[in-house]
Amino acid sequence: MQHTLSFKQNGKDYTSKPFDFEAFCLINERHADEKINGKYKCCVDAVLYMFDGTGANEETIKALGVSGMARLCNKLWDMYTEALVEASKNE
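Visitor: So what's going on with the packing of aromatic side chains? Residues and values would help.
Guide: Counted by the stated rule, this structure contains five aromatic pairs. On the numbers, 5.2 Å between centres and 65 degrees between planes, the contact of Phe7 with Phe51 is edge-to-face. Residue Phe7 is found in strand β1 (residues 6-9), and its partner Phe51 is found in helix α2 (residues 39-51); the two are separated by 44 residues along the sequence. Residue Phe7 is classed as buried on the basis of its relative accessible area, which comes to 4%. Geometrically, the ring pair formed by Trp77 and Tyr80 is tilted, given 5.2 Å between the ring centres and 50 degrees between the ring planes. Taken as a pair, Trp77 and Tyr80 lie in helix α4 (residues 65-89) at a separation of three residues, close to a single helical turn. Both residues of the pair, Trp77 and Tyr80, count as buried. Three or more aromatic residues joined by ring pairs form one cluster here, namely Phe21, Phe24, Trp77 and Tyr80.

Next comes the structure, spelled out in structure tokens:
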């Protein structure tokens, strides 16, 4: 199943490209960094990556504010942890 993020702003719907290995690596790199704490800091770059080329530019996404970004980061974190669990089952 392909996982995507979505949001609505100013009456327009935006959907990200599917969660992929690159998004996973962007989160994982930050998650492994002991200086970075929290889902938001781990996921913000991956959120921007997932919407790259979709019509939702960085300004559009950041205009969602902290609560909107947090919602997207929470969903993306769930995708990331699901991928980690699946990978650990295959070991």
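Let us keep going from here.
Visitor: Any details on the packing of helix α1 (residues 21-31) against α2? Residues and values, ideally.
Guide: The N-to-C vectors of α1 and α2 enclose an angle of 160 degrees; their axes lie 8 Å apart at closest approach. Of the possible angle classes, the one that applies to α1 and α2 is roughly antiparallel. Seen from above, α1 lies across α2 with right-handed handedness. Between α1 and α2, the contacting residues are Glu22, Ala23, Leu26, Ile27, Arg30 and His31 on the first element and Lys41, Cys42, Cys43, Asp45, Ala46, Tyr49 and Met50 on the second.

So, how was this worked out
Residues numbered from 1 in each chain as written. Predicted model: local features only at pLDDT ≥ 70, side-chain atom pairs only at ≥ 80, totals over all residues. Heavy atoms only, no water. Phe/Tyr/Trp six-rings, centres within 6.5 Å; stacked < 30°, edge-to-face > 60°. Helix = DSSP H or I, 4+ residues; strand = E, 2+ residues; numbered from the N terminus. Buried < 20%, exposed > 50% of the residue type's maximum accessible area, 1.4 Å probe, protein only. Axes fitted to C-alpha atoms, helices over the stretch in contact; angles between N-to-C directions. Parallel < 35°, antiparallel > 145°, perpendicular 65-115°, else oblique. Left-handed = near helix turned anticlockwise from the far one by under 90°. Contact = heavy atoms within 4.5 Å.

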